[in-house]
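Chain and residue survey
One-letter residues, chain by chain:
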Amino acid sequence: MSIDVTGVTKTFGDFVALDNVNVSLPTGQLTALLGPSGGGKSTLLRIIAGLDTADTGTVSIEGVNATKLPPQKRNVGFVFQHYAVFKHMTVAKNVAFGLEIRKRPKDEVAARVDELLKLVHLSQFSHRLPSQLSGGQRQRMALARALAVEPTVLLLDEPFGALDAKVRKELREWLRRLHDEVAVTTVFVTHDQEEALEVADEIVVINEGRVEQVGSPDQLYDEPANDFVMGFLGEVTNLGPMTLRPHDIEVSTAPLLAGAVEGTVSRVVRIGFEVRLSVLTVDGQEVMVVLTRTHSRSLGLVEATTVWLTPATGAVVIPSMRPALVG
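Residues numbered from 1 in each chain as written. Predicted model: local features only at pLDDT ≥ 70, side-chain atom pairs only at ≥ 80, totals over all residues. Heavy atoms only, no water.

Details of the confidence of the model for the protein
Formally: pLDDT runs from 0 to 100 and stands for how confident the predictor is about each residue. Note on definitions: a residue-residue contact is assigned when non-hydrogen atoms from the two residues lie within 4.5 Å.
Residue-level pLDDT values for the protein average 88, and 95% of them are 70 or greater. pLDDT under 50 marks residues 319-324. Its contacts with residues more than four places away, or in other chains, come to nine contacts.

As for the pattern of salt bridges
Here is the rule: A pairing counts as a salt bridge when a side-chain nitrogen of Lys or Arg comes within 4 Å of a carboxyl oxygen of Asp or Glu. Helical segments are the DSSP runs of H or I of at least four residues, strand segments are the runs of E of at least two, and each set is numbered from the N terminus. Whether a residue is buried, partly exposed or exposed follows from its accessible area with a 1.4 Å probe, protein chains only, as a fraction of its type maximum: under 20%, in between, or over 50%, in that order.
Within this structure, the stated rule accounts for 15 salt bridges. Here Arg172 ties to Glu198 by a salt bridge, and the two come within 3.0 Å at their closest N and O atoms. With Arg172 in helix α5 (residues 165-182) and Glu198 in helix α6 (residues 193-199), the pair connects residues that are 26 residues apart, well separated along the chain. In this structure Glu198 comes out as partly exposed when scored by relative accessible area, which is 33%. Overlapping salt bridges, with partners in common, bring together Lys169, Arg172, Glu173, Asp192, Glu194 and Glu198 in one network.

Observations regarding the sheet that holds strand β13 (residues 249-252)
One key point about sheets: their strands pair by backbone hydrogen bonds, in either a parallel or an antiparallel sense. Our working rule: Strands are labelled as partners when DSSP assigns at least two bridges between them. Axes here refer to lines fitted to C-alpha atoms; in helices the fit is confined to the stretch in contact. Angles between the N-to-C directions go from 0 to 180 degrees.
In spatial order, the strands read β13-β17-β14-β15-β16; together these five strands make up an open sheet with antiparallel pairing. Edge positions in the sheet fall to β13 and β16 (286-292), since each has one partner strand and no second. Within the sheet, the average angular offset between the axes of one strand and its neighbour, ignoring direction, is 45 degrees.

Details of the pairing of strand β10 (residues 210-215)
Bridge analysis of strand β9 (residues 202-207) against β10 gives five bridges, and the strand direction is antiparallel. Paired with Val204 across the bridge in β10 is Val214. Connecting β9 to the next strand, β10, in antiparallel fashion are two residues, including Glu208 with a positive phi near 50 degrees.

Brief notes about the packing of aromatic side chains
The description of an aromatic ring pair uses the distance of the two centres, along with the angle that the planes make with each other. Heads up, the rule is: Note on aromatic pairs: the rings of Phe, Tyr and Trp (six-membered ring only in Trp) are paired at centre separations within 6.5 Å, and the planes decide the class, stacked below 30 degrees, edge-to-face beyond 60, tilted for the rest. Two conditions define a charge sitting above a ring: the NZ of Lys or the CZ of Arg must be within 6 Å of the ring centre, and it must be within 35 degrees of the ring normal.
Within this structure, the stated rule accounts for one aromatic pair. Ring geometry for Phe228 and Phe232: centres 5.5 Å apart, planes at 15 degrees, overall stacked. Of the two residues, Phe228 and Phe232 are both situated in helix α8 (residues 227-232); the distance of four residues between them amounts to about one turn of the helix. For Phe228, a relative accessible area of 22% corresponds to the partly exposed category. We note Arg245 situated over the ring of Tyr221; from NZ or CZ to the ring centre the distance is 4.0 Å.

Printed below as a string of structure tokens:
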């Protein structure tokens, strides 16, 4: 394992930011620390980086006990949400900074900067100042600067949080490709579920200072450990005693299956290719259902349509309430 966190607790006054956290982050993988704001994920990242100190517990990086090591001796690269750039330096100078303070030979620095600027597609902007770059370009520059010193671990704290949705999506796709090329162990903090599911090899879900579940995106989505994980990784709704996802509900306009729940469509909302239904059951329960536009049209679903609802084959439900799969 590249990073081993054992028994880490951190408090700020009466607030418990981390409560006896134990987690191992694999070498060479891209791991997401995912959770709501204030859940403890950024605190954990800062403790791994050495920017904060745990009250109790240890942190090992590549087999070395780093608990008491200062940040500069942990060989980690760190990128913040708000790129801490040197505004008076060019892009190339920003990327070179870490190498220059380590007194590397000038030709080595120049070659490394050239290599990294090509990697992050900023070669043509090497002589510009950060203020002359877009937000996405500045973040790529910050990543290149972090990679310049060849860190053992790359730590990213909400790296795309300050950018608009379109640029965020482009950059997370780019980050995934970059990681596959560079293969440095990477840990990034996010509260964006889609970002974690799309980019990460492994996700650590953190809530109220505790690790709720660790696993691959598919494992967490298909086999949630509890109702918090299930609800945090996607929309949920209730159908009778079951909690499941709105897209895991089959809709028919006739009672085709035994046990189908009868209801009436009370609201229809179309969002692009997706149609979201609110269905009021005969028992007074409001159920949310998600269909494709094509499926909804084929059923002729409009407000006041009578429908019957059943869990889809393979539907994921909360394990404590029913088996993990229906059918």
